[in-house]
Amino acid sequence: VKYPDCLCFAADIISTVEFNYSGELLATGDKGGRVVIFQHEQESKNRPHLRGEYNVYSTFQSHEPEFDYLKSLEIEEKINKIRWLPQQNAAHFLLSTNDKTIKLWKISERDKRAEGYNLKDEDGRLRDPFRITSLRVPVLMPMDLMVEASPRRIFANAHTYHINSISVNSDHETYLSADDLRINLWHLEITDRSFNIVDIKPANMEELTEVITAAECHPHQCNVFVYSSSKGTIRLCDMRAAALCDRHSKFFEEPEDPSSRSFFSEIISSISDVKFSHSGRYMMTRDYLSVKVWDLNMENRPVETYQVHEYLRSKLCSLYENDCIFDKFECCWNGSDSAIMTGSYNNFFRMFDRNTRRDITLEASRESSKPRATLKPRKVSTGGKRKKDEISVDSLDFNKKILHTAWHPKENVIAVAATNNLYIFQDKIN
């Protein structure tokens with residue numbers, strides 16, 4: 001799938017990717033504040049390869065650039081996160097957020113229009129009441145399908161700092177939003193107030209040692225949520241324990257190996273994403289070099305650790321100088337929780353099979369991603385003699401990075417955002 005607009009302007013860079021609960025729709029948000037929704041093409045017996053085909057369904061401007069006059073700050077329009085709500089009727093609903101404002105959008109279809117009004121003509125002009133001699137019953141006439149996106153709620157003025165996460169609760173009535181220092185709980189029907197459930201802001205900002213990097217609600221227990229920090233820790237909180245969840249129920253942290261400590265240790269241990277498994281038994285965290293899977297019943301260490309690009313450990317100094325070390329990579333589960341996926345540099349993305357412990361590196365690029373072509377595994381040479389198909393660490397392009405990925409909830413179809421291109425891959429059909 002090619003993202004609209006061929007030239008890569010900063011506004012076209014994709015900033016979030018999210019499948020809806022059925023996988024029928026796929027939403028992307030970009031730095032220009034737009035949301036583009038793709039719809040799954042119905043496969044036919046004659047063309048089974050269409051299983052992973054998505055076409056543009058709707059495009060709308062979700063956020064506009066704003067200016068905070070009190071703080072003299074520009075609020076950019078970039079979409080930080082999109083989260084779908086479970087479908088209740090014919091319409092679809094999604095939440096989208098930039099740094100400060102969350103919006104609830106309704107996406108609906110219209111394929112009929114009313115005609116034959118008594119008080120106005122077909123072109124909409126009012127008729128002279130004295131010239132109306134008979135009454136007509138308006139009728140619904142078919143029209144070309146039109147997809148409308150309309151904002152139903154705007155949740156604003158609740159975050160002093162930049163929003164990094166939104167997560168819909170399993171009760172489907174509430175959701176949480178997190179910024180660097182606070183987490184708020186909202187009701188989807190109430191826009192003028194939210195409940196502050198976590199506040200880690202110290203009285204003196206000079207004493208600030210960590211910030212919140214991501215937060216998510218548990219998929220089945222509406223009272224449980226987790227949030228991760230820049231210190232590499234994860235806190236699980238239970239809203240039944242107290243109205244303000246400053247005191248966590250569980251604290252997940254892996255002890256650091258003193259022998260491997262360096263100047264960059266704290267930066268690379270910062271968690272950029274946290275995701276519960278669909279089963280709710282595990283959670284996955286992504287730091288700069290690795291993905292870790294935690295059992296919610298074991299706090300002292302992860303049950304699985306997968307190295308994403310360990311070969312970059314020797315390059316941390318140059319990655320610090322070009323600010324890449326602060327990149328925030330996301331991670332995602334497949335529908336059965338048996339595999340996980342996350343991004344890397346050079347438009348590489350990594351997939352790990354939890355059962356066989358096998359992993360693979362694939363590349364999302366125009367050259368290697370011609371329609372129906374099979375992706376070839378890529379390997380990075382970590383020193384010594386480079387083999388024929390390997391790529392050297394020194395020739396990796398750090399401007400090409402895959403930060404945002406999504407996995408279809410039911411099928412082996414994945415969406416990978418590489419700068420301003422959206423790639424959709426499916427497993428091979430024999």
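For clarity, every value in this text was computed on a predicted model and none was experimentally measured.

### Here we look at the overall build of the chain
No. 1: Of regular secondary structure, the chain possesses two helices and 31 strands.
No. 2: Against the compact-globule benchmark of 22 Å for 430 residues, the chain has a radius of gyration of 24 Å, which places it among compact chains.
No. 3: Taking as baseline every contact in the chain between residues at least 6 positions apart, the subset at least 24 positions apart corresponds to 52%.
No. 4: As presented, the chain carries roughly 22800 Å² of accessible surface, and 49% of it is formed by carbon and sulfur atoms.
No. 5: For the chain, the distance from the average position of its 58 positive side-chain charges to the average position of its 63 negative side-chain charges is 4 Å.

### Section: the pairing of strand β19 (residues 273-276)
No. 1: Neither face of β19 is left uncovered, since the one carrying Asp273 and Lys275 and the one carrying Val274 and Phe276 both have all their residues buried.
No. 2: By the bridge criterion, four bridges tie β19 to strand β20 (residues 282-286) in an arrangement that is antiparallel. Across the sheet, the residue bridging to Val274 is Thr285, located in β20.
No. 3: Where β19 folds back onto β20 in an antiparallel hairpin, the turn is made up of five residues, including Gly280, whose phi is positive at roughly 85°.

### A few points about the packing of aromatic side chains
Ring pairs (aromatic) are described by centroid distance and by the angle formed between their planes.
No. 1: With the rule as written, the count across this model stands at 18 aromatic pairs.
No. 2: Look at Phe263 and Phe264: their rings are 5.1 Å apart centre to centre, the planes differ by 80°, and that puts the pair in the edge-to-face class.
No. 3: Clustering of aromatic rings is evident, with ring pairs tying together Phe263, Phe264, Tyr320 and Phe326.
No. 4: Against the face of Tyr117 rests Lys120, its NZ or CZ located 4.9 Å from the ring centre.
No. 5: Between the NZ or CZ atom of Arg354 and the centre of the ring of Tyr282, over which it lies, the distance is 4.8 Å.

### Quick look at the sheet that holds strand β26 (residues 359-363)
No. 1: Taken in spatial order, the four strands of this open sheet run β23-β24-β25-β26, and their pairing is antiparallel. Each having just a single partner strand, β23 (331-333) and β26 make up the two edges of the open sheet. Within the sheet, the average angular offset between the axes of one strand and its neighbour, ignoring direction, is 20°.
No. 2: As paired elements, strand β25 (residues 348-353) and β26 share five bridges and run antiparallel to each other. Its bridge partner lying in β26, Phe349 is registered against Leu362.

### Digging into the side chain of Glu216
No. 1: Along the chain, the position of Glu216 falls in strand β15 (residues 212-217).
No. 2: No salt bridge is formed by the buried Glu216. Its closest oppositely charged neighbour is Arg83, at 5.1 Å.
No. 3: Here the side chain of Glu216 touches Phe276 through a polar contact of 2.6 Å, landing on its backbone nitrogen.

Conventions adopted
- Residues numbered from 1 in each chain as written.
- Predicted model: local features only at pLDDT ≥ 70, side-chain atom pairs only at ≥ 80, totals over all residues.
- Heavy atoms only, no water.
- Helix = DSSP H or I, 4+ residues; strand = E, 2+ residues; numbered from the N terminus.
- Rg over C-alpha atoms; globule rule 2.2 N^0.38 Å.
- Contact = heavy atoms within 4.5 Å.
- Areas by Shrake-Rupley, 256 points an atom, 1.4 Å probe, with all protein chains shown as cover.
- Lys, Arg positive; Asp, Glu negative; His and termini not counted.
- Charge placed at Lys NZ, Arg CZ, Asp CG, Glu CD.
- Buried < 20%, exposed > 50% of the residue type's maximum accessible area, 1.4 Å probe, protein only.
- Pairing = 2+ DSSP bridges.
- Phe/Tyr/Trp six-rings, centres within 6.5 Å; stacked < 30°, edge-to-face > 60°.
- Lys NZ or Arg CZ within 6 Å of the ring centre and 35° of its normal.
- Axes fitted to C-alpha atoms, helices over the stretch in contact; angles between N-to-C directions.
- Salt bridge = Lys/Arg side-chain N within 4 Å of Asp/Glu carboxyl O.
- Polar contact = N/O pair within 3.5 Å; in protein donor to acceptor, adjacent residues only side chain to side chain.

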